[in-house]
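Close look at the chain arrangement
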Amino acid sequence: MRIVDICEVTKPISSPIRNAYIDFSKMTASLVAVVTDVERDGRRVVGYGFNSNGRYGQGGLIRERFRDRILEADPASLLNEDGSNLDAHKIWAAMMQNEKPGGHGERSVAVGTIDMAVWDAIAKIEQKPLFRLLAERKGVEANPRVFVYAAGGYYYPGKDDTALRQEMRSYVDRGYTVVKMKIGGASLAEDQRRIEAVLNEIGDEAQLAVDANGRFDLETAIAYAKMLRQYPLFWYEEIGDPLDYRLQAAMAEFYPGPMATGENLFSHQDARNLLRHGGMRPDRDWLQFDCALSYGLVEYLRTLDVLDELGWSPTRCIPHGGHQMSLNIAAGLGLGGNESYPDLFQPYGGFPDGVEVIDGHITMPDLPGIGFEGKSDLIAVMRDLAE
Ligand SMILES: O=C([O-])CC(=O)C(=O)O
Ligand SMILES: [Mg+2]
């Protein structure tokens, strides 16, 4: 049993939307295939992965370093004890040889993307859904019913409050009970008007989360906190720079409601620093670390260990990214839910065909691997790459 090839293609996932920090007009994603020599049901097992939006495709790093380190390793050194499957932890170690600690950034995206494909292959070789494999290995019961919320509410040329309300209404009509919109890309007064328009639209049918995408300095963060705290928001997200733990810690004094952050922290060490120094409150705040951007599930398991050491439950995690990999981790390891972008970043995000959002939750179908084969538009693009 061995990995015979690793293919990568960088694809556009561009759109005219913008958050408080970036626009997505040039956004790309890496799609990766890990090709094995294993056959299941008369078909070669190929694992697939991709990086979530927000960071760009990583074809350069994958081709220059990480792909070759796996392909040049002794194939037997990448297998589990009895040689019956690939070992994601050993493959991770092979990828990360000769890499110094610290500076977690683009490299973590390259490794996270390959790691996703490796886990997809592993679960397909075992012929079971990844979430069931993860629960089994941890000795816990999987819960295929996962909370999901609808992320959108971007700034968009010519988009007025009516269009924003219609967008949020359409998420509620599709079964979501929490919707998210961007703030920080307009004046405080304008954002307040947008927020009130959405709250009037959704009433008590859903709750609203707001996302500043790390835009605010301390003064602006506090001004927004004072405005936002009069509304019953689901959370106030990524207020300041992701590495400014002191700013995050200062916010607890001004914002008693739930806060969320972590999508731009890319290692268990950075996650640990957030929990040590960011003043995050385990009884109400949310952690959004996204394995696809942060060295994959092998690293995410370390992050979950850090949470445990510091008194945090995995139920406080609702990862960024809207991909099926995090849905599997949520269902298998008991996270609090997952992000979803109902109308964006297709075909990568979303759920297998036919999966509906009911009362803010989806139910994972029993598909082998991560479940990409159940999403026809996505698997078509994936098979183009490697089958
Ligand atoms: O706009 C983005 O970069 C995505 C984002 O923050 C989120 O989904 O929370
Ligand atoms: Mg965000």
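Just above sits the structure.
Criteria and cut-off values
Residues numbered from 1 in each chain as written. Chains lettered and ligands numbered in written order. Predicted model: local features only at pLDDT ≥ 70, side-chain atom pairs only at ≥ 80, totals over all residues. Heavy atoms only, no water. Buried < 20%, exposed > 50% of the residue type's maximum accessible area, 1.4 Å probe, protein only. Helix = DSSP H or I, 4+ residues; strand = E, 2+ residues; numbered from the N terminus. Pairing = 2+ DSSP bridges. Polar contact = N/O pair within 3.5 Å; in protein donor to acceptor, adjacent residues only side chain to side chain. Contact = heavy atoms within 4.5 Å. Donors = N, O, S within 2.8 Å, 3.2 Å for Na, K, Ca; no water. Right-handed = clockwise from strand over helix to strand, strands pointing away.

1. Describing the pairing of strand β4 (residues 145–151)
Counting buried positions along β4 yields 6 of 7 residues, so the element is predominantly enclosed. Pairing of β4 with strand β11 (residues 361–363) involves 3 bridges; the strand directions are antiparallel. The partner of V146 across the bridge, within β11, is I362. Looking at chain direction, β4 and strand β10 (residues 338–340) are connected through 3 bridges and run parallel. Among the inter-strand pairings, V148 is bridged to a residue of β10, identified as N338. For β4 and strand β5 (residues 178–182), the ladder comprises 2 bridges, and the chain directions are parallel.

2. Some thoughts on the side chain of K375
The residue K375 is located in the loop between β11 and α12 (376–386) in this model. Polar contacts involving the side chain of K375 include one to the main-chain carbonyl oxygen of P347, which spans 2.7 Å. In contact with K375, not counting residues within four places along its chain, are Q324, Q346, P347, G349, G350, F351, P352 and D353.

3. Thoughts on the coordination of the magnesium ion (ligand 2)
Distances from the magnesium ion (ligand 2) to its protein donors, D211 (OD), E237 (OE) and E263 (OE), fall within 2.0 to 2.2 Å. Of note, the magnesium ion (ligand 2) draws all its donor residues from one chain, in the sequence arrangement D-x25-E-x25-E. Here E263 lies in the loop between β8 (259–261) and α9 (268–277) and D211 lies in strand β6 (residues 207–211), a separation of 52 residues in the sequence. The exposure class assigned to D211 is buried, which follows from its relative accessible area of 1%.

4. Brief notes about the pairing of β6
In terms of residue burial, β6 counts as a mostly covered element, since 4 of its 5 residues are buried. Bridging between β5 and β6 involves 5 bridges; their strand directions are parallel. Each bridged residue has a counterpart across the sheet, and for M181 the counterpart in β6 is V210. A crossover connection joins β5 to the parallel β6 through helix α6 (residues 188–202); in handedness this β-α-β unit is right-handed. The pairing of β6 with strand β7 (residues 235–237) spans 3 bridges and is classified as parallel. Residue pairing for β7: V210 is matched across the bridge by Y236. Handedness of the crossover is the feature at issue here: the chain leaves β6, passes through helix α7 (residues 218–228), returns alongside β7, and the resulting connection is right-handed.

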